[in-house]
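# Descriptive analysis of the structure
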Amino acid sequence: MSVRLDTDKDTGVAVVTLDRPARLNAIDLTMAGELREIWRALRFDDTVRAIVLTGAGGRAFSTGLDRDAVVPQPGSPYMQDDPLLTVGPKANDLWKPVVAAVEGMACGGAFYLLGECEFVVAGTGAVFFDPHTTYGMVSAYESVLMAQRMPYGEVARMMLMGTAERISARRAYEIGLVGELTEPGGAVTAATACATVVAGYPPTGVQGTVRALWAAKEAARAAAYAQAPHLIALGNLPTAEQARLFAGRREGEPRIR
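Residues numbered from 1 in each chain as written. Predicted model: local features only at pLDDT ≥ 70, side-chain atom pairs only at ≥ 80, totals over all residues. Heavy atoms only, no water.

### Considerations on the overall build of the protein chain
When helices and strands are counted, the protein chain shows eight helices and 11 strands. Taken against the 2.2 N^0.38 rule, which gives 18 Å for 257 residues, the C-alpha radius of gyration of the protein chain at 18 Å falls within 12% of a compact globule. Its C-alpha atoms give the protein chain principal-axis dimensions of about 50 × 40 × 35 Å. For the protein chain, buried positions account for 48% of its 257 residues. Counting contacts in the protein chain only where the partners sit at least 6 residues apart, residues at least 24 apart contribute 74% of the total. (Helix = DSSP H or I, 4+ residues; strand = E, 2+ residues; numbered from the N terminus. Rg over C-alpha atoms; globule rule 2.2 N^0.38 Å. Buried < 20%, exposed > 50% of the residue type's maximum accessible area, 1.4 Å probe, protein only. Contact = heavy atoms within 4.5 Å.)

Set out below in structure tokens:
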């Protein structure tokens, strides 16, 4: 299993852990399938009333889609298969609150998950960035999700600067992407404490609130998502050219801000 599920029946909190630390918790097709199964199963487990989502190993929450994942695509330009579109809780019709606990890197496709969490707790060593433009790809779905959580200028800079910059946990806190900072290694504990409080409230009121919060931005997200496939089809370099840019990436430390 590449995703762990640990449930505390006493507190009503489940911890979902992305568990591919050797690959920086990058999401392959197996992990994507396991995430879908877990979210769907949690819909039916009434002992779980709140959820913490985190990554194993401390080096990364997730670095998005595993570059070794082979995703077959239809031959038509009007159809695209994106396995990350269905890895989040909301995409699987789960309306129990999910709190993200981030340590290390969160980048690229990780935003599919962070974008569907209620709020984010991060260790001070966490960093956020999006590598798409560096490697000749359009940041479409990731940009839409983050534009609903961050000021426009901040998300535009993060997406356009690619691998040259990373947003520090402190800056992410200042702009509202992160709701609480902890010492390194403390994000899961702090997120679990929040989830435990919420899990102690009557679940129907909590879940209705989650649904209402999502509804407040759902229409704009759906409209933007409708454009995303066309933008990706038009703007992405061929896969081989993306791979060439990735293989030739320059060493050196990115700027942290």
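### A short note on the nonpolar core
One finds Leu114, Phe128 and Met146 to be the most contacted residues of the largest nonpolar core, which totals 51 residues. Top element by residues in this core is helix α1 (residues 29-42). It accounts for six residues. When near neighbours in sequence (up to four residues on either side) are disregarded, Phe128 contacts Val102, Ala106, Phe111, Leu114, Ala122, Met158, Arg166, Ile167, Ala169, Ala172, Leu177 and Val178. (Core = buried A, V, L, I, M, F, W, Y, C linked by side-chain atoms within 4.5 Å.)

### A look at the side chain of Glu34
Here Glu34 lies in helix α1. No salt bridge is formed by the buried Glu34; the nearest opposite charge belongs to Arg20, separated by 8.3 Å. Ignoring any residue separated from it by four or fewer positions in sequence, one finds Glu34 in contact with Met1, Ser2 and Val3. (Lys, Arg positive; Asp, Glu negative; His and termini not counted. Salt bridge = Lys/Arg side-chain N within 4 Å of Asp/Glu carboxyl O.)

### Things to note about the packing of aromatic side chains
Aromatic ring pairs are reported here in terms of the distance separating the ring centres and the angle at which the planes meet. In this structure the tally under the stated criterion is three aromatic pairs. Taking the centre distance of 6.0 Å and the plane angle of 45 degrees together, the rings of Tyr112 and Tyr141 count as tilted. Here the residue Tyr112 occupies a position in helix α2 (residues 110-114), and Tyr141 occupies one in helix α3 (residues 141-147), the gap between them amounting to 29 residues. Its relative accessible area of 5% is what places Tyr112 among the buried residues. Note on Tyr135 and Phe246: the rings are 5.2 Å apart at their centroids and 70 degrees apart in plane angle, and the pair reads as edge-to-face. With Tyr135 in the loop between β8 (127-129) and α3 and Phe246 in helix α8 (residues 239-247), this residue pair connects regions lying 111 residues apart in the sequence. (Phe/Tyr/Trp six-rings, centres within 6.5 Å; stacked < 30°, edge-to-face > 60°.)

### Describing α1
The terminal C-alpha atoms of α1 lie 20 Å apart, and with 14 residues this matches the ideal 20 Å at 1.5 Å per residue to within 8%. If you check which residues of α1 are buried, you get Met31, Ala32, Gly33, Glu34, Leu35, Ile38, Trp39 and Leu42. Looking at the buried side of α1, the elements it contacts are β1 (3-8), β2 (13-18), β3 (50-55), β5 (98-102) and α2. (Expected span 1.5 Å × (residues − 1).)

### Some thoughts on helix α6 (residues 187-199)
Over its 13 residues, α6 runs 18 Å from end to end, which matches the ideal 18 Å to within 8%, given 1.5 Å per residue. Turning to α6, its buried residues are Ala187, Ala190, Ala191, Ala195 and Ala199. Close packing links the buried residues of α6 with β2, β3, β5, β7 (119-123) and β10 (180-182).

### A short note on the pattern of salt bridges
Here the structure, examined in full by the defined rule, presents 17 salt bridges. Note that Arg20 is salt-bridged to Asp28, the shortest N-O span being 3.6 Å. Across the pair, exposure class does not vary: Arg20 and Asp28 are buried alike. Between Arg20 and Asp66 there is a salt bridge whose closest N-O contact spans 2.9 Å. Residue Arg20 is located in the loop between β2 and α1, and its partner Asp66 is located in the loop between β4 (60-62) and β5; the two are separated by 46 residues in the primary sequence. Salt bridges here are not isolated pairs; linked through shared partners, they connect Glu154, Arg157, Glu165, Arg171, Glu174, Arg255 and Arg257.

### Topic: the pairing of strand β9 (residues 165-168)
The sheet contact formed by β8 and β9 spans two bridges and is antiparallel. The residue bridging Val127 from the neighbouring strand is Ser168, located in β9. Strand direction decides the pairing type here: β9 and strand β11 (residues 255-256), joined by two bridges, are parallel. Directly across from Arg166, in β11, lies its bridge partner Ile256. (Pairing = 2+ DSSP bridges.)

### A closer look at the sheet that holds β8
Strands in a sheet are paired, the pairing made by backbone hydrogen bonds, and the direction either parallel or antiparallel. Taken in spatial order, the five strands line up as β4-β6-β8-β9-β11 in an open sheet, and their pairing is mixed. Unpaired on one side and paired on the other, β4 and β11 mark the two borders of the sheet. The strands touched by helix α4 (residues 152-161) are β8, β9 and β11; relative to β9, the strand with the most contacts, the crossing angle is about 140 degrees. (Axes fitted to C-alpha atoms, helices over the stretch in contact; angles between N-to-C directions.)

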